[in-house]
Amino acid sequence: MSRIIVIGGSGHIGAYLIPALVEQGHNVVNICRGQSRKYRPHPAWRSVEQVTIDRTAEEPSGRFASSIVDLRPDIVVDLISFDLPSTQSLVHALRGKIEHFLHCGTIWVYGHNAAIPADESDPPNPFGEYGINKAAIEAWLLHESRRTGFPATVFRPGHIVGSGWTPIGPYGNVDTDVFSRMARGEEISLPNYGLETLHHVHAADVAQFVIRAMANKSACVGETFNVVSEKALNLRGYAEAMFRWFGWEPKIRFQPFDQWKTGQTPEQADQAWEHIARSSCMSMEKARHRLGYQPRYTSLAAIQEAVSALIAAGDVTLDG
């Protein structure tokens, strides 16, 4: 069994990944900034070595990378690197000292897709700081892997969802009110014609991919993989399915985006634009073919699990 460091393991993906790794018998170290509440309590956390390091504070001096090396990992899973210098510092310190390095990217490296579903052969076309930075990280990692043999794999999750946090909803943002309105059978308004797409993935399925990649290193070093559910949802189909899940026939009207956004806060409108402007729809066939990746959750099943938890927590109300 391996000694595995998960950087940022207290978040969405780690909530499923770290317990699964412990159950397989691995020695797991979770790197985090503090003792945050776990999204998903699990007895396996008792066996996890918790190391508190503030990455942002320690990186300029090089102490973050050296601390990771001092922990003597076999495998490193980096879930929270968002700019190229951060990844470069870590990789330079780990070179020649680990078996496998897995970097969490994003489907936002695609930006505008020329054709859908987009697959890994399509060139990155990012816009916005987050997507551009992530594309730069993965391009550098893949170059290092192919030029120097650094054992890097990049995986690109879709819109991560699961119990304990709010899914990107049919508005294209995390406004829970849309779920409450649908739960009560009230009319909702969608931007444009509701045909822009979102591509979710359950955090458990992202964890599944990472574990499969670790077990099949030769099939994935120097490669990128989309990690999503089998099918994307358009906003209209998403809303119609959720109305019916709550027991109502859909009540939807449509407005041009500039008109629709006046009913949202500026932050909600910006978040919606970020999602629908990209209109993500990805192929997961490479991960299926090479690694046997098979998501347990459809997009809707993952969303409905998360919304059930929001109802239980009182964040989505069934009556008004």
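Just so it is clear, the model here is predicted, and its values are computed rather than measured. (Residues numbered from 1 in each chain as written. Predicted model: local features only at pLDDT ≥ 70, side-chain atom pairs only at ≥ 80, totals over all residues. Heavy atoms only, no water.)

Undergrad: Lay out the overall build of the chain in plain terms, naming residues and giving numbers.
TA: In terms of helices and strands, the chain carries 13 helices and 13 strands. Viewed in the frame of its principal axes, the chain has a C-alpha envelope of about 60 × 45 × 40 Å. Across the 320 residues in the chain, those meeting the buried criterion constitute 54%. Taking the contacts inside the chain whose residues are at least 6 apart along the sequence as the reference set, 77% of them involve residues at least 24 apart. Working note: accessible area of the chain is about 13700 Å², and carbon and sulfur atoms make up 50% of it. (Helix = DSSP H or I, 4+ residues; strand = E, 2+ residues; numbered from the N terminus. Buried < 20%, exposed > 50% of the residue type's maximum accessible area, 1.4 Å probe, protein only. Contact = heavy atoms within 4.5 Å. Areas by Shrake-Rupley, 256 points an atom, 1.4 Å probe, with all protein chains shown as cover.)

Undergrad: Can you tell me about the side chain of T87, naming the residues and giving the values?
TA: Along the chain, T87 turns up in helix α4 (residues 84-94). Residue T87 is classed as buried on the basis of its relative accessible area of 0%. Among all residues touching T87, those that are not within four sequence positions of it are S81, H103, I137, W140 and L141.

Undergrad: Tell me about the packing of α4 against helix α5 (residues 129-148), and name the residues and values.
TA: At a minimum axis distance of 9 Å, the contact between α4 and α5 shows a crossing angle of 30 degrees. Relative to α5, the element α4 lies roughly parallel. Between α4 and α5 lies a crossing whose hand is right-handed. Here L84, T87, Q88, V91 and H92 of α4 come into contact with α5, specifically with A136, I137, W140 and L141. (Axes fitted to C-alpha atoms, helices over the stretch in contact; angles between N-to-C directions. Parallel < 35°, antiparallel > 145°, perpendicular 65-115°, else oblique. Left-handed = near helix turned anticlockwise from the far one by under 90°.)

Undergrad: Before we move on, could you go through unusual backbone geometry and cite the residues and values that matter?
TA: The omega angle of the peptide bond from I116 to P117 is -5 degrees, so this bond is cis rather than trans. Locating P117 in the fold gives a position in the loop between β5 (100-104) and α5. The backbone of R72 sits at a positive phi, close to 55 degrees, despite the residue not being glycine. Looking at the element boundaries, R72 is found in the loop between α3 (63-70) and β4 (75-78). Residue N192 is not a glycine yet carries a positive backbone phi of 55 degrees. Here N192 shows up in the loop between β8 (188-191) and β9 (197-198).

Undergrad: Account for the pattern of salt bridges, naming residues and giving values.
TA: With the rule as written, the count across this model stands at 18 salt bridges. E186 is the partner of R181 in a salt bridge, and the nearest nitrogen-oxygen pair spans 3.4 Å. Between E187 and R253 there is a salt bridge, and its shortest N-O distance comes to 3.1 Å. Residue E187 is found in the loop between α6 (177-183) and β8, and its partner R253 is found in strand β13 (residues 252-255); the two are separated by 66 residues along the sequence. Given the relative accessible area of 39%, E187 is considered partly exposed. (Salt bridge = Lys/Arg side-chain N within 4 Å of Asp/Glu carboxyl O.)

Undergrad: So what about the packing of helix α1 (residues 14-23) against helix α7 (residues 203-215)? Which residues, and what values?
TA: The geometry of a pair of packed helices is captured by two quantities: the angle between their axes and the separation between those axes. Between α1 and α7, whose axes approach to 8 Å, the crossing angle comes to 45 degrees. Judged by the angle between their axes, α1 and α7 are oblique. The interaxial crossing formed by α1 with α7 has right-handed handedness. On the side of α1, the interface is formed by Y16, L17, A20 and L21, while α7 contributes A203, A204, A207, V210, I211 and M214. Partitioned by chemical class, the residues of the contact of α1 with α7 number 10 nonpolar, no polar and no charged. (Nonpolar A, V, L, I, M, F, W, Y, C, P; charged D, E, K, R; others polar.)

Undergrad: Before we move on, could you go through the side chain of D175 and cite the residues and values that matter?
TA: Tracing the backbone shows D175 in the loop between β7 (159-161) and α6. One buried charge, D175, has no salt-bridge partner; the nearest side chain with opposite charge is R181, at 8.2 Å. Only 3.0 Å separates the side chain of D175 from the backbone nitrogen of D177, close enough to count as a polar contact. In this structure D175 touches Q264 and Q268, once residues within four positions along its chain are discounted. (Lys, Arg positive; Asp, Glu negative; His and termini not counted. Polar contact = N/O pair within 3.5 Å; in protein donor to acceptor, adjacent residues only side chain to side chain.)

Undergrad: Explain the nonpolar core to me, and be specific about the residues and the numbers.
TA: By size, the foremost hydrophobic cluster in this structure holds 49 residues, and its most contacted members are V6, L17, V77, F155 and F209. No other element matches α7, which puts nine residues into this core. Among all residues touching L17, those that are not within four sequence positions of it are V6, V77, A207, V210 and I211. (Core = buried A, V, L, I, M, F, W, Y, C linked by side-chain atoms within 4.5 Å.)

Undergrad: Please give an account of the packing of aromatic side chains that cites residues and values.
TA: Considering all chains together, one arrives at 10 aromatic pairs under this definition. Aromatic pair F82 and Y130: ring centres 6.3 Å apart, planes at 45 degrees, arrangement tilted. Separated by 48 residues along the polypeptide, F82 in the loop between β4 and α4 and Y130 in helix α5 bring together distant segments of the chain. Their ring planes at 40 degrees and their centres at 5.8 Å tell us that F155 and F209 sit as a pair that is tilted. You can see F155 sitting in strand β6 (residues 152-157) and its partner F209 sitting in helix α7, a full 54 residues away along the chain. Here F155 and F209 have matching classes, each one buried. Among the aromatic side chains, those forming a connected cluster through ring pairs are F155, F209, F225 and Y293. If you follow R278 out to its NZ or CZ, it ends over the ring of F127, 4.0 Å from the centre. Taking NZ or CZ as reference, K286 lies 4.9 Å from the ring centre of F225, over its face. (Phe/Tyr/Trp six-rings, centres within 6.5 Å; stacked < 30°, edge-to-face > 60°. Lys NZ or Arg CZ within 6 Å of the ring centre and 35° of its normal.)

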